[in-house]
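So you can see what is in the structure, the chains are spelled out below.
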Amino acid sequence: MMLDCGLRTLIVVFCLVNIIRGQTAPEGGFLKREHSLVKPYSGNGMTMPFWDFRDNAMITNNFIRLTSNHQGQLGSVWNKQPCFLRDWETHVHFKVHGGGRTLAADGMTFWYTRERLTPGPVFGSTDEFRGLAIFLDTYKNGQQAVTFPQISAMIGNGSMKYDHMGDGRLNSIGSCLASFRNKDYDTFMSIRYVKQRLTIQIDVDNQGKWRECMDVSGVMLPSGYFFGVSAATGDLADNHDLISIKTYQLEIQRTPEEEAEDWATVLPGIKFLKPPIDNVDDDGKGDYRNSSVSGSKMLLIIICGLLGAGICIVVGYVVFQKRQEQNRKRFY
Ligand SMILES: [Ca+2]
């Protein structure tokens, strides 16, 4: 009897942990209602207090459907208030699902940008944006030998274009593979921005804990930009559902110099330039860096060149010797 009771308690605790997992506040974090989107979204189904939505986006009681499982759709939600938090962490609860077992498109994007409510070709929002984009890309346009979906991030400066044909690879600051489609459990993404460090974690494996997707330092993002989430479908489609966005203000110790910095005027960018980052199981097929000559290939070319030059010298010397011999014979 005691054992049975204990087992039941354990099961209840396990269920509770599963219900709240991925949604607990980060340590030292305060939920900012004005940058969060939680149920009930709206009293009348037409407006939300802190968020705008447009195009095919549709509010229901339990989720916001950015696109339904139909071709050529796009939709987005955008925070009405700019975010002036220096350090923040945002948890996005989402669900991507559709009839295609492996083939679907295009995906959804989490934004922290100067632009808002501007539809366009990048997962339903505008290209040449300023700020952060995190792409949850379900359709592989490029030639990488990996299985999608992929999550990748980019910092736009207002003139850079999203690299559609390479799935964002040209301007990517990091990426990871994440199987988040057609799950019968909850899927989450966490975006943390503290002291120029961007950390993206995911909870898409029903493990009840965060798994690192990318961790990038030197990321410059000014305050005063807008949070948003958009999605698009193409010839292939998916339901892209947003269930919640929870933004937490983080209390981080700063030096007086750091406090004095005017973070609103910082230009979006990344301090440390590095080549596009590959996914772990990527074998380099379709790698842009392969279009230039690599170090090992250059060494091979030099060796071949030296060998060729050596053969030429030897052949030349033999021919010269033969001629000298013939000349000497003519004298005798
Ligand atoms: Ca793609």
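Computed from a predicted model, the values in this text were never measured in an experiment.

Quick notes on the rules
- Residues numbered from 1 in each chain as written.
- Predicted model: local features only at pLDDT ≥ 70, side-chain atom pairs only at ≥ 80, totals over all residues.
- Heavy atoms only, no water.
- Donors = N, O, S within 2.8 Å, 3.2 Å for Na, K, Ca; no water.
- Buried < 20%, exposed > 50% of the residue type's maximum accessible area, 1.4 Å probe, protein only.
- Phe/Tyr/Trp six-rings, centres within 6.5 Å; stacked < 30°, edge-to-face > 60°.
- Helix = DSSP H or I, 4+ residues; strand = E, 2+ residues; numbered from the N terminus.
- Disulfide = S-S within 2.5 Å.
- Contact = heavy atoms within 4.5 Å.
- Core = buried A, V, L, I, M, F, W, Y, C linked by side-chain atoms within 4.5 Å.
- Salt bridge = Lys/Arg side-chain N within 4 Å of Asp/Glu carboxyl O.
- Pairing = 2+ DSSP bridges.
- Axes fitted to C-alpha atoms, helices over the stretch in contact; angles between N-to-C directions.
- pLDDT = per-residue confidence, 0-100.

K.L.:
What is the right way to look at the coordination of the calcium ion in this model?
P.N.:
Each pair of donors in an ideal four-coordinate tetrahedral metal site encloses 109.5 degrees, whereas pairs in an ideal six-coordinate octahedral site enclose 90 or 180 degrees. In this structure, D137 (OD), D137 (OD), Y139 (O), N141 (OD1) and D167 (OD) serve as the protein donors to the calcium ion, at separations of 2.3 to 2.5 Å. Positions of the donor residues of the calcium ion, expressed as sequence spacing, correspond to D-x1-Y-x1-N-x25-D. For D137, a relative accessible area of 2% corresponds to the buried category. Overall, N141 belongs to the partly exposed group, its relative accessible area being 29%.

K.L.:
Would you explain the packing of aromatic side chains in this entry?
P.N.:
Aromatic rings considered in pairs are described by the distance between their centres and by the relative angle of their planes. Scanning all chains against the criterion turns up 14 aromatic pairs. Ring centres 5.6 Å apart and planes at 80° place the aromatic pair F94 and F180 in the edge-to-face group. On the criterion of sequence distance, the pair formed by F94 in strand β6 (residues 88-97) and F180 in the loop between β10 (174-177) and β11 (187-194) is long-range, its members being 86 residues apart. On the basis of relative accessible area, F94 is assigned to the buried category, the value being 2%. Ring centres of F110 and F227 lie 5.8 Å apart, and the angle between their planes is 40°; this geometry places the pair in the tilted category. Separated by 117 residues along the polypeptide, F110 in strand β7 (residues 107-113) and F227 in strand β15 (residues 226-232) bring together distant segments of the chain.

K.L.:
Looking at this model, I keep getting lost on the state of the cysteines. Mind explaining?
P.N.:
Working definition: the covalent bond between the sulfur atoms of two cysteines is a disulfide. Summed over all chains, the structure comprises one disulfide. A disulfide bridge connects C176 with C213, and the sulfur atoms are separated by 2.1 Å. Classification of the bridge connecting C176 and C213 rests on its S-S torsion, roughly -100°, and on that basis the disulfide is left-handed. In this pair, C176 sits in strand β10 while C213 sits in strand β13 (residues 211-216), placing the two residues 37 residues apart along the sequence. C213 matches C176 in its accessibility class, with the two residues each being buried.

K.L.:
What is the right way to look at the environment of S244 in this model?
P.N.:
Position of S244 among the secondary structure elements: in strand β16 (residues 239-250). Judged by relative accessible area, which is 8%, S244 ranks as buried. Sequence-distant contacts of S244, that is, excluding residues within four places in its chain, are made with L37, V38, H91, V92 and H93.

K.L.:
Just checking my understanding: could you explain the nonpolar core for this structure?
P.N.:
If you look at soluble globular proteins, the nonpolar side chains tend to sit buried side by side. If you look at the biggest cluster of nonpolar residues, it comprises 50 residues, and the most contacted ones within it are I134, I151 and M189. Sorting elements by how many residues they give to this core places β6 first, with four residues. Residues in contact with I151, not counting those within four places in the same chain, are I134, F135, L136, G174, S175, C176, A178, F180, M189, I202, C213 and M214.

K.L.:
Hey, could you run me through the pattern of salt bridges in this one?
P.N.:
Between side chains of opposite charge, pairing is possible as soon as their charged atoms come close. In this structure the tally under the stated criterion is 13 salt bridges. Between R130 and E115 there is a salt bridge, with its nearest N and O atoms 2.9 Å apart. Residue R130 is located in strand β8 (residues 130-137), and its partner E115 is located in the loop between β7 and β8; the two are separated by 15 residues in the primary sequence. By sharing partners, the salt bridges in this structure join D52, K80 and R116 into a single network.

K.L.:
Which parts of the structure should I look at to understand the pairing of strand β4 (residues 64-67)?
P.N.:
Working note: regular strand, side chains alternate between the two faces of the sheet. When strand β3 (residues 58-59) meets β4, the two strands line up antiparallel, connected through two bridges. Note on β4: the bridge partner recorded for I59 is I64. As consecutive antiparallel partners, β3 and β4 are separated by four residues.

K.L.:
Honestly, the sheet that holds β10 in this entry has me stumped. Any pointers?
P.N.:
Working definition: the strands of a sheet are paired by backbone hydrogen bonds and lie parallel or antiparallel to each other. Strands sit in the order β2-β5-β15-β7-β8-β9-β10 across an open sheet of seven strands; the sheet is antiparallel. A single partner strand is all that each edge strand has here, and the edge strands are β2 (51-55) and β10. Strand-to-strand twist of the sheet, defined as the mean angle between neighbouring strand axes without regard to direction, takes the value 15°.

K.L.:
I would appreciate a short explanation of the pairing of β6 in the present structure.
P.N.:
With nine of ten residues buried, β6 lies mostly within the body of the structure. Examined bridge by bridge, β6 and β16 share ten bridges and lie antiparallel to one another. Bridge pairing in β16 links V96 to H240.

K.L.:
I'm lost on the confidence of the model for the chain in this one. Help?
P.N.:
Should pLDDT be low for a region, the predicted coordinates there are not to be read in detail. Residue-level pLDDT values for the chain average 84, and 76% of them are 70 or greater. Scored below 50 in pLDDT, residues 9-20 makes zero contacts in the model with residues more than four places away or belonging to other chains. A low-confidence stretch, residues 280-297 (pLDDT under 50), is modelled with 26 contacts involving residues beyond four sequence positions or located in other chains.

K.L.:
Mind showing me how you'd approach unusual backbone geometry here?
P.N.:
Generally, phi is negative for residues other than glycine and the peptide bonds are trans, each holding for most cases. In the segment running from K39 into P40, the intervening peptide bond is cis, with an omega of -10°. Checked against the element boundaries, P40 lands in the loop between β1 (29-31) and β2. Residues F148 and P149 are joined by a peptide bond in cis, for which omega reads 10°. Position of P149 among the secondary structure elements: in the loop between β8 and β9 (150-157). Positive phi, normally seen in glycine, also occurs at K195, with a value near 45°. Along the chain, K195 falls in the loop between β11 and β12 (197-203).

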